[in-house]
Amino acid sequence: MEASFKEKKLFTPGPLCCSRSVKEAMLVDVGSRDSYFVSCVKEIRQRLLEIAQLSEAEYTAIPLQGSGTYCVEAVLQTTSPRQGAKVLVLANGAYGRRMGQMCAWAGLEVRLEEFPEDQRLDLAKVEALLRNESFTTVAVVHCETSTGIINPVEDVARLVASLQPGAAMVVDAMSSFGAVPLDISGSGIDYVVSSANKCLEGVPGFSFAICRTKHLLSCKGNCRVLSLDLVDQHSALERSGQFRFTPATHAMLAFRQALREYGSSGGLEGRAKRYQENRSILRVGMKRLGFRELLKEEDAGYIITSFHFLQHERFDFPKLYSRLSDKGQVIYPGKVTNADCFRIGNIGHLFPDDVRTFLGHLEDVLKEMGLPVPLP
Ligand SMILES: *Cc1c(COP(=O)(O)O)cnc(C)c1O
């Protein structure tokens, strides 16, 4: 027998906590060709467009096996012609840089434009880039989860629409979709990527792209990888309602339940409100304990927050992490290159009381480590 495992609260960027009813929705085996499953896929695709406030006449939602990264890679591959592709990646953190890495891996010509990690993208610089060089795809991250910053992606999309109307405008909205408003069609965004296990609170196992159908259909024959070809995936889904290869059936049943719960708990507004409440309790509590945030208030969203390490000889992050974990509270290391930080997420099936409980445990751990609380 394996040692018993006690479930913990995940204050992380993913995987995240899910409701019991979402997990229970998986307690059934279903065939991928079964009409029950086909209608589940259909409901998911429809609900995703509704959440994005898009019409079926203009956009299509395409689920794809694999974590979020797989679908970002699928979009970059699918939007890049075999000849003459040139991708502009605007990066102010690890997830932006990862998109640059995907292009390099695929042998695509890429301009990876890096911006400071603790600031939003600089629109004047973006405009200058778009005036100087032409691109087939422009890719940007909405909530850069490595810090929590929210980038002005609608403004970037408007610049792309006016200066390079032929380029595919791609947004990695992995950690924001469903909880941070985004005007997709109004700002001219062609592709949005997210995954089942972020703000929509399904279980991990697949991701999805919401695509402007007309643009997608112009991409036939681009993708160099069969399993990541979104045009091919789309055509199978449209033709038969089925996936090309084994779908994550259990994860999709869970996701359908998660989307129903999302709808009945107030949709985007409800989700944003809960996460904002989590965040405001967290920031007041953390400040009281002496922690400083990495970002300026106007740049930080309400998805995840980066905090500086405490400036005290007894502060030891690995120790803090493991003691919190022993108390059932999981936080996350930092992901910025030039500062000692750690991160606390507000997303997933977490509620204000969970945040209060977390803060109590954190205070206890700091005291156990011999730190004065609050730090003067
Ligand atoms: C979580 C996340 C991803 C994808 O991560 P996976 O581990 O592949 O699911 C990509 N971009 C952002 C901004 C994210 O937050």
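For clarity, every value in this text was computed on a predicted model and none was experimentally measured.

Novice: Now, about the sheet that holds strand β11 (residues 304-308): what can you tell me, with residues and values included?
Specialist: Within the open sheet, the three strands sit side by side as β11-β14-β13. Their pairing is antiparallel. Looking along the sheet, the strands with just one partner apiece sit at the ends: β11 and β13 (332-333). Pairing of β11 with strand β14 (residues 341-345) involves five bridges; the strand directions are antiparallel. Its bridge partner lying in β14, threonine 305 is registered against isoleucine 344. In the packing of helix α11 (residues 267-289) onto the sheet, contacts are made with β11 and β14, and the angle to β11 comes to roughly 10°.

Novice: Account for the packing of helix α10 (residues 249-264) against α11, with residues named and values stated.
Specialist: Two numbers describe how α10 lies on α11: the axes approach to 7 Å, and their chain directions differ by 85°. Looking at the two axes, α10 sits roughly perpendicular to α11. Across the interface between the two elements, Glu261, Tyr262 and Gly263 from α10 touch Gly267, Leu268 and Arg271 from α11.

Novice: Before we move on, could you go through the packing of α11 against helix α13 (residues 352-368) and cite the residues and values that matter?
Specialist: Packing of α11 against α13 leaves a shortest axis separation of 9 Å and a crossing angle of 20°. Considering the angle they form, α11 stands roughly parallel to α13. Crossing of α11 over α13 shows right-handed handedness. Together, Glu277, Asn278, Ile281, Leu282, Gly285, Met286, Arg288 and Leu289 of α11 and Pro352, Val355, Arg356, Phe358, Leu359, Leu362, Glu363 and Leu366 of α13 make up the contact between the two elements. For the contact of α11 with α13, the residue count by class is ten nonpolar, two polar and four charged.

Novice: How would you summarise the site of the ligand if you had to cite specific residues and measurements?
Specialist: Lining the immediate environment of the ligand, one finds Ser67, Gly68, Thr69, Tyr95, Arg98, Val141, Cys143, Thr145, Asp172, Met174, Ser175 and Lys198. At a separation of 2.4 Å, an oxygen atom of the ligand approaches a polar side-chain atom of threonine 69. A distance of 2.8 Å separates an oxygen atom of the ligand from a polar atom in the side chain of lysine 198. For the ligand, whose accessible area on its own is 380 Å², the fraction buried by protein is 84%. At the level of secondary structure, the elements contributing two or more residues to the shell around the ligand comprise α3 (68-78) and α4 (94-105). By residue class, the composition of the shell around the ligand is four nonpolar, five polar and three charged.

Novice: Describe the packing of aromatic side chains, listing the residues and the values that go with them.
Specialist: Under the criterion given, the structure shown has 13 aromatic pairs. Ring geometry for phenylalanine 206 and phenylalanine 255: centres 5.1 Å apart, planes at 85°, overall edge-to-face. Of this pair, phenylalanine 206 sits in strand β10 (residues 206-212) while phenylalanine 255 sits in helix α10; the two residues are 49 residues apart in sequence, bridging distant segments of the chain. Of the two residues, phenylalanine 206 and phenylalanine 255, both sit in the buried class. Linked through ring pairs, Phe291, Phe307, Phe309, Phe315, Phe317, Tyr321 and Phe342 together constitute an aromatic cluster. The ring of tyrosine 95 carries lysine 198 above its face, with NZ or CZ at 5.9 Å from the centroid. Between arginine 274 and the ring centre of phenylalanine 351, over which it is positioned, the NZ or CZ distance is 4.4 Å.

Novice: Explain the pattern of salt bridges to me, and be specific about the residues and the numbers.
Specialist: If you walk through the whole model with that rule in mind, you get 29 salt bridges. For glutamate 114, the salt bridge is made with arginine 97, and the minimal N-O distance between the two is 3.8 Å. Residue glutamate 114 is located in strand β4 (residues 109-114), and its partner arginine 97 is located in helix α4; the two are separated by 17 residues in the primary sequence. You can call glutamate 114 partly exposed: its relative accessible area is 45%. Take arginine 97: its relative accessible area is 24%, and that puts it in the partly exposed class. Taken together, the shared-partner salt bridges in this structure form one network comprising Lys86, Glu109, Arg111, Glu113 and Glu133.

Novice: Can you break down the nonpolar core residue by residue, with the values?
Specialist: Leu90, Phe177 and Ile210 are the most contacted members of the largest nonpolar core, which has 85 residues in total. With eight residues, α10 is the single largest residue contributor to this core. If you look at the next biggest cluster of nonpolar residues, it comprises 26 residues, including Leu289, Leu320, Leu324 and Met369.

Novice: Would you mind going over unusual backbone geometry in detail, with residue names and values included?
Specialist: At the junction of glycine 14 and proline 15, the peptide bond is cis and its omega measures out at -5° in the coordinates. Within the element layout of this structure, proline 15 appears in the loop between β1 (9-10) and α1 (20-24). Residues valine 373 and proline 374 are joined by a peptide bond in cis, for which omega reads -10°. Considering the arrangement of structural elements, one finds proline 374 in the segment after α13. In this structure, glutamine 53 is a non-glycine residue whose phi angle is positive, near 55°. Following the sequence through the fold, glutamine 53 ends up in the loop between α2 (35-51) and β2 (59-65). For glutamine 53, a relative accessible area of 71% translates into the label exposed.

Novice: Lay out the environment of histidine 361 with the relevant residues and their values.
Specialist: Position of histidine 361 among the secondary structure elements: in helix α13. C-alpha of histidine 361 to C-alpha of arginine 271: the two residues are 90 residues apart in sequence and 25 Å apart in space. Aside from chain neighbours lying at most four places away, what touches histidine 361 is Leu324, Lys327 and Gln329.

Novice: Which residues make up the pairing of β14, and what values go with them?
Specialist: Where a strand is regular, its side chains alternate between the two sheet faces. Among the five residues in β14, five count as buried, and that is most of the element. The two faces of β14 match: Cys341, Arg343 and Gly345 on one face and Phe342 and Ile344 on the other face are all buried. Two elements, β13 and β14, share two bridges in a ladder whose sense is antiparallel. Its bridge partner lying in β14, tyrosine 332 is registered against arginine 343.

How each quantity is defined
- Residues numbered from 1 in each chain as written.
- Predicted model: local features only at pLDDT ≥ 70, side-chain atom pairs only at ≥ 80, totals over all residues.
- Heavy atoms only, no water.
- Pairing = 2+ DSSP bridges.
- Helix = DSSP H or I, 4+ residues; strand = E, 2+ residues; numbered from the N terminus.
- Contact = heavy atoms within 4.5 Å.
- Axes fitted to C-alpha atoms, helices over the stretch in contact; angles between N-to-C directions.
- Parallel < 35°, antiparallel > 145°, perpendicular 65-115°, else oblique.
- Left-handed = near helix turned anticlockwise from the far one by under 90°.
- Nonpolar A, V, L, I, M, F, W, Y, C, P; charged D, E, K, R; others polar.
- Near = heavy atom within 4 Å.
- Polar contact = N/O pair within 3.5 Å; in protein donor to acceptor, adjacent residues only side chain to side chain.
- Areas by Shrake-Rupley, 256 points an atom, 1.4 Å probe, with all protein chains shown as cover.
- Phe/Tyr/Trp six-rings, centres within 6.5 Å; stacked < 30°, edge-to-face > 60°.
- Buried < 20%, exposed > 50% of the residue type's maximum accessible area, 1.4 Å probe, protein only.
- Lys NZ or Arg CZ within 6 Å of the ring centre and 35° of its normal.
- Salt bridge = Lys/Arg side-chain N within 4 Å of Asp/Glu carboxyl O.
- Core = buried A, V, L, I, M, F, W, Y, C linked by side-chain atoms within 4.5 Å.

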